[in-house]
Amino acid sequence: MATVIAFAVTAALRVPKGTECSYRFAVLFGNAGFIGFPVISAVLGKQALLYASIALIPLNLLMFTVGAMLFSGMDGGLKKQMRNIAACCKSPGLIASAVVLGIVLTGWTDWGVLGDSISIVGTMTTPAALLLMGSSIAKYRPLEMLTNWRAYVAVAFRLVVVPVACLAVARMWPGMTPVFITTLVLEMAMPVGSNGTLYCLQYGKDARPMMQRTFLSIICSILTIPLVTTLCG
């Protein structure tokens, strides 16, 4: 559903040629790991992080495969795409999610001092991610970040429309608990994923439109995340 929305929005906005991939990526993929985990922990408690870790596995797989193909097309053929999938399996976020899932399934939850240390390091992810994005945005003038009206529309779909559509579908799905639904919807309501900027640089695309949407989505998410949380009930 999100893919259909992303392609429809890009076509309706009539974005400049060569920037279609970055608009589609912005609507499709949010920062479900760096920003999503701390937000979910704060809203639903640490017990919801297990659900978030499970949901992050397919999201990461899609980001490193479909997300990369949005920028590269099918250049390099099937062999290169398979290499992208293999590289996805080495993603730290994906590995950490699989490890957490395995630990929970074994019932080993008391890590003592080591667990507290890992938790403290984990709280650094959000400020570290924001510092990284801030250093990338700093090279552009402030007005350049605010004057693209198409970026506002894309951000609205990323932060509100896609999560609400996800909420509607999840509520119709049998066996979904309220906590899992809220966790999934919140992960879909996160600001634009920072990987989009990296893909622009890797595949020679203009990074400025992606930076604009990333910057706006981080600012606007201060208002939209509480809104989406309220809608989840």
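Anything mentioned here points back to the structure above.
Every value quoted in this text rests on a predicted model; they were computed, and no experiment measured them.

Procedures and definitions
Residues numbered from 1 in each chain as written. Predicted model: local features only at pLDDT ≥ 70, side-chain atom pairs only at ≥ 80, totals over all residues. Heavy atoms only, no water. Phe/Tyr/Trp six-rings, centres within 6.5 Å; stacked < 30°, edge-to-face > 60°. Helix = DSSP H or I, 4+ residues; strand = E, 2+ residues; numbered from the N terminus. Buried < 20%, exposed > 50% of the residue type's maximum accessible area, 1.4 Å probe, protein only. Lys NZ or Arg CZ within 6 Å of the ring centre and 35° of its normal. Axes fitted to C-alpha atoms, helices over the stretch in contact; angles between N-to-C directions. Parallel < 35°, antiparallel > 145°, perpendicular 65-115°, else oblique. Left-handed = near helix turned anticlockwise from the far one by under 90°. Contact = heavy atoms within 4.5 Å. Lys, Arg positive; Asp, Glu negative; His and termini not counted. Salt bridge = Lys/Arg side-chain N within 4 Å of Asp/Glu carboxyl O. Patch = residues over 30% accessible without salt bridge, like charges linked within 9 Å, V, L, I, M, F, W, Y side chains within 5 Å. Areas by Shrake-Rupley, 256 points an atom, 1.4 Å probe, with all protein chains shown as cover. Expected span 1.5 Å × (residues − 1). Bend = angle between axes of the 7 residues up to and from the residue. Core = buried A, V, L, I, M, F, W, Y, C linked by side-chain atoms within 4.5 Å.

Caption draft 1: The packing of aromatic side chains, seen in detail. Applying the stated criterion to the full structure yields six aromatic pairs. Centre to centre, the rings of Phe 25 and Tyr 199 are 5.9 Å apart; their planes meet at 80°, and the pair counts as edge-to-face. Remark: Tyr 199 occurs in helix 11 (residues 195-202) and Phe 25 occurs in helix 2 (residues 20-28); sequence separation between them is 174 residues. The pair formed by Phe 25 and Tyr 199 is uniform in burial state, with each residue classed as buried. The interplanar angle of 40° and the centroid separation of 6.3 Å between the aromatic rings of Tyr 199 and Tyr 203 together place this pair among those described as tilted. In this structure, Tyr 199 and Tyr 203 share a single accessibility class: buried. The residue whose ring lies beneath Arg 213 is Tyr 23, and the NZ or CZ to ring-centre distance is 3.8 Å.

Caption draft 2: Focus on the packing of helix 3 (residues 36-44) against helix 4 (residues 49-72). In the contact formed by helix 3 and helix 4, the axes pass within 9 Å of each other and the chain directions differ by 150°. What the angle tells us is that helix 3 and helix 4 run roughly antiparallel. Here helix 3 runs over helix 4; the crossing is right-handed. Packed against helix 3, whose contacting residues are Phe 37, Ile 40 and Ser 41, the element helix 4 presents Leu 49, Ala 52, Ser 53 and Leu 56 at the interface.

Caption draft 3: Layout of the side chain of Glu 187. With respect to the secondary-structure elements, Glu 187 resides in helix 10 (residues 178-188). Put simply, Glu 187 is tucked away with no salt bridge, and the nearest opposite charge, on Arg 158, sits 10 Å away. The contacts of Glu 187, once residues within four sequence positions are left out, are Ala 32, Phe 37, Ile 40, Ala 52, Ala 55, Leu 56 and Leu 59.

Caption draft 4: Looking closely at a nonpolar patch on the surface. Taken together, Met 1, Val 169, Met 172 and Trp 173 make up a surface patch of nonpolar side chains, about 490 Å² in accessible area. Relative to the helices and strands, Trp 173 is located in the loop between helix 9 (149-172) and helix 10.

Caption draft 5: Geometry of unusual backbone geometry. A positive phi angle, near 50°, is found at Arg 14, a position not held by glycine. Here Arg 14 lies in the loop between helix 1 (2-13) and helix 2.

Caption draft 6: Structural detail: helix 4. For helix 4, spanning 24 residues, the distance from its first C-alpha to its last is 33 Å, which sits close to the expected 34 Å at 1.5 Å a residue. Of all bends in helix 4, the biggest is about 30°, found at Met 63. Looking one or two residues beyond helix 4, the residue adopting positive phi is Gly 73, at roughly 65°.

Caption draft 7: Fine view of the environment of Pro 178. Residue placement: Pro 178 occurs in helix 10. Measuring from C-alpha to C-alpha, the distance between Pro 178 and Gly 233 comes to 8.4 Å, with 55 residues separating the pair along the chain.

Caption draft 8: Focus on the nonpolar core. With 38 residues, the main nonpolar core has Phe 25, Leu 70, Phe 71 and Val 185 as its most contacted residues. If we skip the residues at most four places from it in the chain, Phe 71 touches Cys 21, Ser 22, Phe 25, Gly 196, Tyr 199, Cys 200, Tyr 203, Lys 205 and Met 210. Ile 35, Val 39, Ile 40 and Met 190 belong to the second largest nonpolar core, which has eight residues in total.

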